[in-house]
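The chain contents come next:
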Amino acid sequence: MNCNMVLMLQLIFTLFTLSSSTASSEVFKSVGDSVQLHTQDPLLNFTTFDWIFNGTKNVLRYYDLGDIRRFNPSPSYKHRMDFNEETYSLTLKNLQKTDSGLYEARASGFKNKVVAVYNLSVLDPVEAPVLIYQLNKETCNITVSCRTHHLSVNSSCDEETCEERKVSSLGLVSLSLFVSSSSILCNHSNPVSWKRDVLEMKKLKLDCPNEGVY
Ligand SMILES: *[C@@H]1O[C@H](CO)[C@@H](O)[C@H](O)[C@H]1NC(C)=O
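Residues numbered from 1 in each chain as written. Predicted model: local features only at pLDDT ≥ 70, side-chain atom pairs only at ≥ 80, totals over all residues. Heavy atoms only, no water.

Some words on the state of the cysteines
What is meant by a disulfide is a covalent connection between two cysteines, made through their sulfur atoms. This structure, assessed with the given rule, holds two disulfides. Two residues share a disulfide in this structure: C146 and C186, whose sulfurs sit 1.9 Å from each other. Since a negative S-S torsion denotes a left-handed disulfide, the C146-C186 link at about -90 degrees is left-handed. Note that C146 is positioned in strand β11 (residues 141–147) and C186 in strand β15 (residues 183–190), a separation of 40 residues in sequence. For the pair shown, C146 and C186 are each scored as buried. Here C157 is linked by a disulfide to C162, with a sulfur-sulfur distance of 2.2 Å. Measuring handedness by torsion sign, the sulfur bridge of C157 and C162 sits at about 100 degrees and is right-handed. (Disulfide = S-S within 2.5 Å. Helix = DSSP H or I, 4+ residues; strand = E, 2+ residues; numbered from the N terminus. Buried < 20%, exposed > 50% of the residue type's maximum accessible area, 1.4 Å probe, protein only.)

So, the site of the ligand
Contacts to the ligand come from F178, N187, S189, W194 and R196. A distance of 2.4 Å is found between an oxygen atom of the ligand and a side-chain nitrogen or oxygen belonging to N187. Taken by itself the ligand offers 360 Å² of open surface, and the protein chains cover 51% of this. Those elements giving two or more residues to the shell around the ligand turn out to be β15 and β16 (193–200). Grouping the constituent residues of the shell around the ligand by class yields two nonpolar, two polar and one charged. (Near = heavy atom within 4 Å. Polar contact = N/O pair within 3.5 Å; in protein donor to acceptor, adjacent residues only side chain to side chain. Areas by Shrake-Rupley, 256 points an atom, 1.4 Å probe, with all protein chains shown as cover. Nonpolar A, V, L, I, M, F, W, Y, C, P; charged D, E, K, R; others polar.)

Now the structure itself:
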């Protein structure tokens, strides 16, 4: 690599760090929810202000030419958004999974600046998990399993407790099995919701013919 190339790479790196100085925030919402996206304070003087989806798609453009202020929502958003002309924050309503992606606010005038970056994930609430058990009548060993469409965990239990188990997918959805005050709980969760199924330890013990012989 020659010297010019190194300088060039340094320049690119510097420009990149300058332009990405607005940290992006992760936001999780359920389908049907609303989200409010705010901008950094204080905002520099601008003539146009845009909220942009996934780098290219305009959600709205707002002009501030001193005397003339105009607000142009894009047709595909105008029935389900609010724009606050004082704070420049954007509210999107009735979110769908296709709204997941990157939202940026750009203020342009004498200087251009990215004043907000959000990474929005719109998720369905999780389905209820199903907890079932199998009893080995000879040994009284109990195997408990908890399932959803995509994940499952198995655990072995004795008359007192079960081994704790947890699996997750993409670090977002998780299924965990644990015992709390004599109940076996299975918790299915994602960042916007959780549902559980419960089995009483008592019930398992009753089904064991050797109960009382321990
Ligand atoms: C299930 O998991 C979620 C997310 O980790 C947590 O907020 C919730 O309290 C848990 N519920 C139970 C019953 O443990």
